[in-house]
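The chain contents come next:
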Amino acid sequence: WYSYIGACPPTDPYLYLFGGYQPNAGNSSGDAYRVTRRYDPANNVYQTMADLPVGCYLNSGGYYSLNGVGYLFSFGNGYYGNGAIYRMDIAANSWQQVGNLTGTRYGTMAALLGTKFFIAGGYYNGYSNACDEFDPTNNQTSARANMPGPSYMGCMAAVTGIDKAYVVGGYNNGYVNTNYEFT
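Owing to the predicted nature of the structure, the values given are computational and were not obtained by experimental measurement. (Residues numbered from 1 in each chain as written. Predicted model: local features only at pLDDT ≥ 70, side-chain atom pairs only at ≥ 80, totals over all residues. Heavy atoms only, no water.)

Undergrad: How would you sum up the overall build of the protein? Please name residues and give values.
TA: Each helix and strand in the protein was counted, giving zero helices and 15 strands. When each of the 183 residues of the protein is scored for burial, the buried share is 46%. In the protein, the share of contacts with a sequence separation of at least 24, taken over all contacts with a separation of at least 6, comes to 36%. For the protein, the accessible surface area stands at approximately 8,700 Å², while carbon and sulfur atoms represent 46% of it. (Helix = DSSP H or I, 4+ residues; strand = E, 2+ residues; numbered from the N terminus. Buried < 20%, exposed > 50% of the residue type's maximum accessible area, 1.4 Å probe, protein only. Contact = heavy atoms within 4.5 Å. Areas by Shrake-Rupley, 256 points an atom, 1.4 Å probe, with all protein chains shown as cover.)

Undergrad: Got a sec to walk through the pairing of strand 7 (residues 84–89)? Specific residues and values, please.
TA: Extensive coverage of strand 7 is indicated by the burial of six of its six residues. Alternating positions in strand 7 separate into two faces, Ala84, Tyr86 and Met88 on one and Ile85, Arg87 and Asp89 on the other, with burial throughout. Pairing geometry for strand 6 (residues 69–75) and strand 7, over five bridges, is antiparallel. Looking at the pairing, Tyr71 lines up with Asp89 of strand 7. Where strand 7 lies against strand 8 (residues 94–100), six bridges are found, and the strand directions are antiparallel. Bridge assignment links Tyr86 to a residue of strand 8, and that residue is Gln97. (Pairing = 2+ DSSP bridges.)

Undergrad: Hey, could you go over the pattern of salt bridges for me, with residue numbers and the actual values?
TA: Side-chain pairs of opposite charge can arise whenever the charged atoms involved come near each other. Under the counting rule described, the total for this entry stands at four salt bridges. Two residues, Asp132 and Arg105, come together in a salt bridge whose shortest N-O distance is 3.3 Å. Placement of the pair is Asp132 in strand 11 (residues 131–135) and Arg105 in the loop between strand 8 and strand 9 (109–113), with a sequence separation of 27 residues. Given a relative accessible area of 3%, Arg105 falls into the buried group. For Asp135, the salt bridge goes to Lys116, with nearest N and O atoms at 3.8 Å. (Salt bridge = Lys/Arg side-chain N within 4 Å of Asp/Glu carboxyl O.)

As C-alpha cells, this is what we get:
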C-alpha cells in the first residue's frame, strides 16, 4: 500500500493516512484507495477508519480544528481529476465532499496558514501554477495569485512564525529546484 497523504494533528497522538495507490491491487476502487488509517506510534498499531467517498491518490491534505472538532481535508484526486475537497470529521468517523478546487487538478501541494488552506500547483492536461485558498469555516474556495511557474508533486509548508508558506521543488517536465514564497 502506497499512501500519498498524511496529517498529524498537533494535539492528537495519532498520524492519519488517507488515500493511496497500489498497482494491480485488485481492490474494489481499482488501483486507488479509499481507505483511511489512524496510526498510533506509541503502540505501533494501525486502525482502519471510514473510507473516502472515492478512491483517492496524488492528493494533498491536512488537519484543521474548528470549534473543538478535528477534521482531515483531502484536496484534488489523481487521475480521476475531479478537483474535489473532502472533509473527515474524525470523531464521527465520516467523510463528505465540502467543495471543489477552482480548477480540476491532482498532484497538488497544500499547507494550512493561519485559518486557511492554500493549495498550489498540480497537473491536469498540463502542469499547473494555480493557487487556491480554501476557508474551512465556510467551505469556500477562491483563486489566489498564480505561482511564477508550475509545479507538480512538490512540497508545501507553512512557517507560522513569519506568516508565510513555501512551495519547494516538484516536477515540470523534469525535476525543479524552485522555492516559491506565499504571503
